[in-house]
Amino acid sequence: MTTTALVVDDEVDLCRLMQITLTKMGIKSDVAYTLSQARSFWKDNDYDFCLTDLNLPDGSGLELVKEISDSSSTPIAVITAHGSMDLAIEALKLGAFDFVNKPLELPRLRQLVENALKVIHQDNVASATPESSPEQKMLDSRLIGNSAVMHPLKKTILKLARSQAPVFLSGASGTGKEVVARLIHDLSPRRDGSFVPVNCGAIPSELMESEFFGHKKGSFTGAVADKQGLFQQANGGTLFLDEVADLPLAMQVKLLRAIQEKTVRAIGDTKEVPVDIRILSATHKDLSQLVQDGAFRQDLYYRINVIELKLPTLNARRDDIPVLAEHFLAMITNEWQLETPPSLTNEACERLQHHDFAGNVRELRNILERAVTLAESSHIDVNHLGLTDIDISHAQIPETELNDKVVGGTLEAGEKTIQPTHEVIAPQIQQIPTNLHPYRTTTQHFPAMRQRSSVNQTEIFNSTTAPSDEEFIEPDSTQQEGNAKVNLSELSDGQLPVQGLETYLQEQEKQLIITALKKTGWNKTQAAELLGTTFRSLRYRMKKLEISEDESES
């Protein structure tokens, strides 16, 4: 069946040129010179795609774009005069497939028509098998989840894949922005081209222009050969600018011109080279706020943010956590070549669904990798997850709130709590913040230590393992340093230490360190974790207070 197209432009010579080009590509075309004529053609005939100018004698091409986009899925591309980039962006937002600048370049026109034909083919396949199209299968297999927020997201991704408009992906860190960007590329007519991801914050500012646009041999010291830039590498495909908010202002100007003109010039070259790329960008920062603060150019913001796609956090799609966990465990089994696939117990799965994921999907995978490593069998239980214990009945309250409520030295949570014997010391240890896990600030002990300590809490002082989350370190009040002896029980309310504040504090610090070392069998790494400090800081304090392992025998 012959493909048909509608060409709308008031320039007769340009219409003839486009009609000849389309005929050579085997496409039959009709030409309309006004908006009213184009509407009449569109009403009386069925076209596979449309090319329209934005400036018409009796109206704007934007009206035709909106009418066609609202009534059908037919690809429509716009032709813009030089300097009318804002109108082209407006057309893309209204549903235009792509745009081409005047003066018209035939290679660019052919590329646009070929992309339109690919979209038409995809639509025909999808309409023939709506439930089992290759695009739908790819989407379901790579974007895991069937929660309420995921259905509209998947539909939007399929629509964006048909277009050539720049897409801005916003969302918190770990929500899967690069996964979605790859999906948009692989579902688009550019799937045969390259997908080139680049982290804008990882490139040094002095090398940024060379990385993006390339350079010629001898253009600067160290340029021993010609180098293709990222724009040239992505030619015919997609360039994904991750963390685009980290671009320096000087580079933003050059990037703006490359996106608008679709040409780049390598360092040391004398001519610009046309590139055919689609720009996808992402950041976890508030880009609109950066524009207001003057840290990001407003004109570049409107070029890359033609269509914004906001990705939901994992906390907003908790129903997807079991299927995501199953997916990640299957990936771990394959990557680590495990003989028996690991699986979550019902209690572990329920605990994950009530966890406050600050790191989103990325944190979930990290937790599962740690759990597979620590589990002694293929069954992953709650204690292998390494998460702070919470009361499931209070699961609607974020985990960080449950763990941080401290009143008078007592931890308020759904778990059993122990009031510290010495109120002078226990709150100091309890309220020390740590950052042993990149996504939370509460103290995290080794899961193996927590498991052993929970077996027999009454014998904690005779054990060589670390205390659990609910326990506090009770220092040995008879510890001596030289001839000075300090006992906390000797200090009543309002009484001051007779040996002076500095000596008193150093003695208490020494007692706490020695107590923690004894609890862990003089394992400095675990003792540092118990005290809420780093290994290096603990080693420095031991040297300062003259604590040696010889004291372990006393």
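Just so you know, these numbers come straight off a predicted model, no measurement behind them.

Right, let's talk about the overall build of the protein for a bit. What the protein contains, in helices and strands, is 23 helices and 20 strands. A total of 554 residues make up the protein; the buried ones form 46% of that total. Per element, the accessible surface of the protein, about 27,600 Å² overall, is 50% carbon and sulfur.

If you look at the biggest cluster of nonpolar residues, it comprises 32 residues, and the most contacted ones within it are F212, F231, L239, L241, L287 and F296. For this core, the secondary-structure elements that each account for two or more residues are β9 (195-199), α9 (208-213), α10 (230-233), β10 (238-242), α11 (249-261), α12 (287-293) and α13 (298-304). At five residues, the largest contribution of residues to this core is made by α11. Those residues in contact with F296 that lie beyond four places of it in its chain are V244, A245, L249, Q252, L287, L290, V291, Y301 and I304. Counting residues in each nonpolar core, the second largest holds 25 residues, with V8, C50, I76 and A165 among its members.

Let's shift gears to the sheet that holds strand β14 (residues 307-310). Spatially, β9-β10-β13-β8-β14 is the arrangement adopted by the five strands of the open sheet, whose pairing is parallel. Each having just a single partner strand, β9 and β14 make up the two edges of the open sheet. Ignoring strand direction, the axes of neighbouring strands in this sheet form an average angle of 20°. As paired elements, strand β8 (residues 167-170) and strand β13 (residues 278-283) share four bridges and run parallel to each other. In the sheet register, S170 faces β13, and the bridge partner there is T283. The strands touched by helix α8 (residues 177-186) within the sheet are β8, β9, β10, β13 and β14, with β8 carrying the most contacts at an inclination of about 155°.

A word on the side chain of T74. Tracing the chain through its elements places T74 in the loop between α3 (61-71) and β6 (76-80). Judged by its relative accessible area of 16%, T74 falls in the buried class. For T74, the side chain forms a polar contact with the side chain of S72, separated by 3.3 Å. Dropping the residues within four chain positions of it, T74 is found in contact with W42, Y47, D48, F49 and I68.

This next bit is on the packing of helix α14 (residues 321-336) against helix α16 (residues 360-374). Taken N-terminus to C-terminus, the directions of α14 and α16 make an angle of 55°; their axes are 10 Å apart at the nearest point. By the angle between their directions, the pair α14 and α16 is classed as oblique. Considering the relative orientation of α14 and α16, their crossing is right-handed. Contacts between α14 and α16 involve I321, L324, A325, F328, L329, M331, I332, E335 and W336 from the former and V361, L364, R365, L368, E369, V372 and T373 from the latter. By residue class, the composition of the contact of α14 with α16 is twelve nonpolar, one polar and three charged.

Let us look at the confidence of the model for the protein. Per-residue confidence for the protein gives a mean pLDDT of 81; residues scoring 70 or more make up 78%. Strand β18 (residues 410-411) is the least confidently modelled element of the protein, averaging 33 in pLDDT, while β10 averages 97, the highest of any element. Here residues 394-486 scores under 50 on pLDDT; set against residues more than four positions off or in separate chains, the count is 173 contacts.

The subject of this paragraph is the pattern of salt bridges. Counted under the stated rule, the structure contains 25 salt bridges. For the salt bridge of E63 with R39, the shortest nitrogen-to-oxygen distance reads 2.9 Å. Of the two residues, E63 sits in helix α3 while R39 sits in helix α2 (residues 35-44), which places them 24 residues apart along the sequence. For E63, a relative accessible area of 37% puts it in the partly exposed group. Close ionic contact of D276 with R190 constitutes a salt bridge, the shortest N to O distance being 2.7 Å. Here R190 lies in the loop between α8 and β9 and D276 lies in the loop between β12 (273-274) and β13, a separation of 86 residues in the sequence. Neither residue differs from the other here; D276 and R190 are each classed as buried.

Quick notes on the rules
Residues numbered from 1 in each chain as written. Predicted model: local features only at pLDDT ≥ 70, side-chain atom pairs only at ≥ 80, totals over all residues. Heavy atoms only, no water. Helix = DSSP H or I, 4+ residues; strand = E, 2+ residues; numbered from the N terminus. Buried < 20%, exposed > 50% of the residue type's maximum accessible area, 1.4 Å probe, protein only. Areas by Shrake-Rupley, 256 points an atom, 1.4 Å probe, with all protein chains shown as cover. Core = buried A, V, L, I, M, F, W, Y, C linked by side-chain atoms within 4.5 Å. Contact = heavy atoms within 4.5 Å. Pairing = 2+ DSSP bridges. Axes fitted to C-alpha atoms, helices over the stretch in contact; angles between N-to-C directions. Polar contact = N/O pair within 3.5 Å; in protein donor to acceptor, adjacent residues only side chain to side chain. Parallel < 35°, antiparallel > 145°, perpendicular 65-115°, else oblique. Left-handed = near helix turned anticlockwise from the far one by under 90°. Nonpolar A, V, L, I, M, F, W, Y, C, P; charged D, E, K, R; others polar. pLDDT = per-residue confidence, 0-100. Salt bridge = Lys/Arg side-chain N within 4 Å of Asp/Glu carboxyl O.

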